[in-house]
Amino acid sequence: MPETTTPTTPPPATVDLTGKAAVVTGSGRGLGLAYATALARAGARVVVNDLDEDLAQEAAKAVTEAAGGSGGHAVAEAVAVGTAEAADRLVARSVEEFGRLDILVTNAGILRDRVLWKMSDDDFDAVLTTHLKGTFTCARAAAIRMREQGEGGRLILVGSPAGQRGNFGQTNYAAAKAGIAAMARTWSMELAKAKITTNAIVPVAATAMTETIPAFAPYVEALRLRGTPLPDFLRKGEGFGTAEDCAALVPFLASDAAREITGQCIGIGGDRLALWSHPQETATAYADGGWSPQTIADAWHTSVGARPESVGIPAPRIPER
């Protein structure tokens with residue numbers, strides 16, 4: 001009898017970013033700093049960005065030191081993300097320092113939380129400018145450069161659970177993050193021919209922002225002040241960990257190991273890695289000749305409205321202490 005063989009999946013490519021150049025916006029502290037550090041440790045050269053010049057310089061030094069002997073290192077560029085001019089400066093700095101740009105991580109963001117009836121135009125505009133327009137302008141400038149180089153590239157956009165499900169008091173932030181997820185899907189199609197992948201990451205981590213959440217606060221405080229590890233019910237049950245836990249996803253997506261992955265929203269936090277679904281129809285109904293307001297009312301609760309979708313980020317399940 002002829003010998004048969006079982007098809008095997010080829011091993012993934014090594015996560016090695018030696019020779020690659022990256023820009024990480026909003027990387028002076030927190031998640032952005034963790035992303036920049038992870039990229040440098042994988043061998044990338046990184047433009048660290050922050051609004052504060054001193055903080056950007058300190059972050060660049062810390063990233064370079066953390067990179068060790070990997071060959072990765074960082075330089076600083078202080079500029080407020082949002083305008084086309086700022087985006088051009090960041091791309092130009094990468095080209096001037098490293099001769100190219102291969103990876104963009106759009107992390108810069110601010111918060112101006114208010115309920116709808118108390119949110120000012122300035123609250124709304126400031127958040128949309130930094131998160132949504134900042135992602136757009138930086139991605140556009142990066143895509144132009146990457147297409148000119150003709151060697152592909154990686155756009156890694158930073159989303160949020162608020163953009164996937166909404167969140168009380170975050171009209172501006174949730175809208176911006178939902179828009180970022182939509183842009184990731186759109187750009188994955190537009191840039192495919194140029195071999196530029198676009199994905200959105202959805203991180204959940206212990207930061208200054210999450211320390212304000214009452215359920216998380218004592219655990220985040222204990223981690224920050226005493227180095228107490230986060231318990232398993234947070235790391236696994238809630239997918240909630242440190243900024244460094246989230247950072248691993250960035251060099252992976254920037255590497256050849258992820259060259260076929262594009263248009264996805266990928267969650268990470270604590271011990272959990274997850275793929276978010278795209279919005280899609282979950283129930284349908286039909287009426288011969290079309291629908292009237294009354295026939296919709298008559299059919300709603302027994303057809304498409306029988307199982308309405310939930311909204312908001314699920315409340316954490318915290319065991320009694």
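Residues numbered from 1 in each chain as written. Predicted model: local features only at pLDDT ≥ 70, side-chain atom pairs only at ≥ 80, totals over all residues. Heavy atoms only, no water.

(A) Geometry of the overall build of the protein. Secondary structure summary: the protein contains 11 helices and eight strands in total. Over its C-alpha trace the protein gives a radius of gyration of 22 Å, about what one expects of a compact globule, namely 20 Å for 321 residues. C-alpha atoms of the protein, sized along the principal axes, occupy 65 × 65 × 45 Å. When each of the 321 residues of the protein is scored for burial, the buried share is 46%. When contacts within the protein are restricted to residue pairs at least 6 apart in sequence, those whose partners lie at least 24 apart make up 72%. Of note, the protein has its 30 positive side-chain charges centred 2 Å away from the centre of its 36 negative side-chain charges. (Helix = DSSP H or I, 4+ residues; strand = E, 2+ residues; numbered from the N terminus. Rg over C-alpha atoms; globule rule 2.2 N^0.38 Å. Buried < 20%, exposed > 50% of the residue type's maximum accessible area, 1.4 Å probe, protein only. Contact = heavy atoms within 4.5 Å. Lys, Arg positive; Asp, Glu negative; His and termini not counted. Charge placed at Lys NZ, Arg CZ, Asp CG, Glu CD.)

(B) Region of the structure containing the environment of Ser 277. Summarising the element assignment, Ser 277 is placed in the loop between strand E8 (272–275) and helix H11 (293–299). Separated by 12 residues in the primary sequence, Ser 277 and Cys 265 place their C-alpha atoms 7.6 Å from one another.

(C) Representation of the packing of helix H1 (residues 30–41) against helix H2 (residues 53–67) within the structure. Put simply, H1 and H2 touch, their axes get as near as 8 Å, and they point 35 degrees apart. For the crossing formed where H1 meets H2, the hand is right-handed. Touching Leu 33, Ala 36, Thr 37, Ala 40 and Arg 41 of H1 are Ala 59, Val 63, Ala 66 and Ala 67, all from H2. Its residues assigned to classes, the contact of H1 with H2 comprises seven nonpolar, one polar and one charged. (Axes fitted to C-alpha atoms, helices over the stretch in contact; angles between N-to-C directions. Left-handed = near helix turned anticlockwise from the far one by under 90°. Nonpolar A, V, L, I, M, F, W, Y, C, P; charged D, E, K, R; others polar.)

(D) Spotlight on the side chain of Asn 199. Within the secondary structure layout, Asn 199 lies in strand E6 (residues 196–203). Judged by relative accessible area, which is 1%, Asn 199 ranks as buried. Separated by 3.0 Å, the side chain of Asn 199 and the backbone nitrogen of Gln 264 make a polar contact. Once residues within four sequence positions are removed from consideration, Asn 199 is found in contact with Leu 155, Ile 156, Leu 157, Ala 184, Leu 253, Ile 261, Thr 262, Gly 263 and Gln 264. (Polar contact = N/O pair within 3.5 Å; in protein donor to acceptor, adjacent residues only side chain to side chain.)

(E) View of the sheet that holds strand E7 (residues 265–269). With mixed pairing, the eight strands of this open sheet are ordered in space as E3-E2-E1-E4-E5-E6-E7-E8. Two strands lie at the open edges of the sheet, namely strand E3 (73–78) and E8, each paired on one side alone. Neighbour to neighbour, the strand axes of the sheet diverge by 20 degrees on average, direction disregarded. Where strand E1 (residues 21–25) meets strand E2 (residues 45–50), four bridges bridge the pair, whose relative direction is parallel. Bridge pairing in E2 places Val 24 opposite Val 48. (Pairing = 2+ DSSP bridges.)

(F) How the structure looks around the pattern of salt bridges. Within this structure, the stated rule accounts for nine salt bridges. Here Arg 89 makes a salt bridge to Glu 77, at a shortest N to O gap of 2.8 Å. Here the residue Arg 89 occupies a position in helix H3 (residues 84–98), and Glu 77 occupies one in strand E3, the gap between them amounting to 12 residues. Classification of Glu 77 by relative accessible area gives buried; the value is 11%. A salt bridge links Asp 271 to Lys 236; its shortest N-O distance comes to 2.9 Å. Of this pair, Asp 271 sits in the loop between E7 and E8 while Lys 236 sits in helix H8 (residues 232–237); the two residues are 35 residues apart in sequence, bridging distant segments of the chain. Exposure remark for Asp 271: the relative accessible area of 41% places this residue in the partly exposed category. Within this structure, Asp 232, Arg 235, Lys 236, Asp 245 and Asp 271 form a network of salt bridges that share partners. (Salt bridge = Lys/Arg side-chain N within 4 Å of Asp/Glu carboxyl O.)

(G) Region of interest: unusual backbone geometry. The phi angle at Lys 195 is positive, at roughly 60 degrees, despite the residue not being glycine. Take Lys 195: it is sitting in the loop between helix H6 (171–190) and E6.

(H) Representation of the packing of aromatic side chains within the structure. Overall, the coordinates contain two aromatic pairs when judged by the stated rule. Where Tyr 219 meets Phe 233, the ring centres are 5.4 Å apart and the plane angle is 80 degrees; that geometry is what we call edge-to-face. Residue Tyr 219 is located in helix H7 (residues 217–226), and its partner Phe 233 is located in helix H8; the two are separated by 14 residues in the primary sequence. A relative accessible area of 13% means that Tyr 219 is categorised as buried. For Phe 233, a relative accessible area of 23% corresponds to the partly exposed category. (Phe/Tyr/Trp six-rings, centres within 6.5 Å; stacked < 30°, edge-to-face > 60°.)

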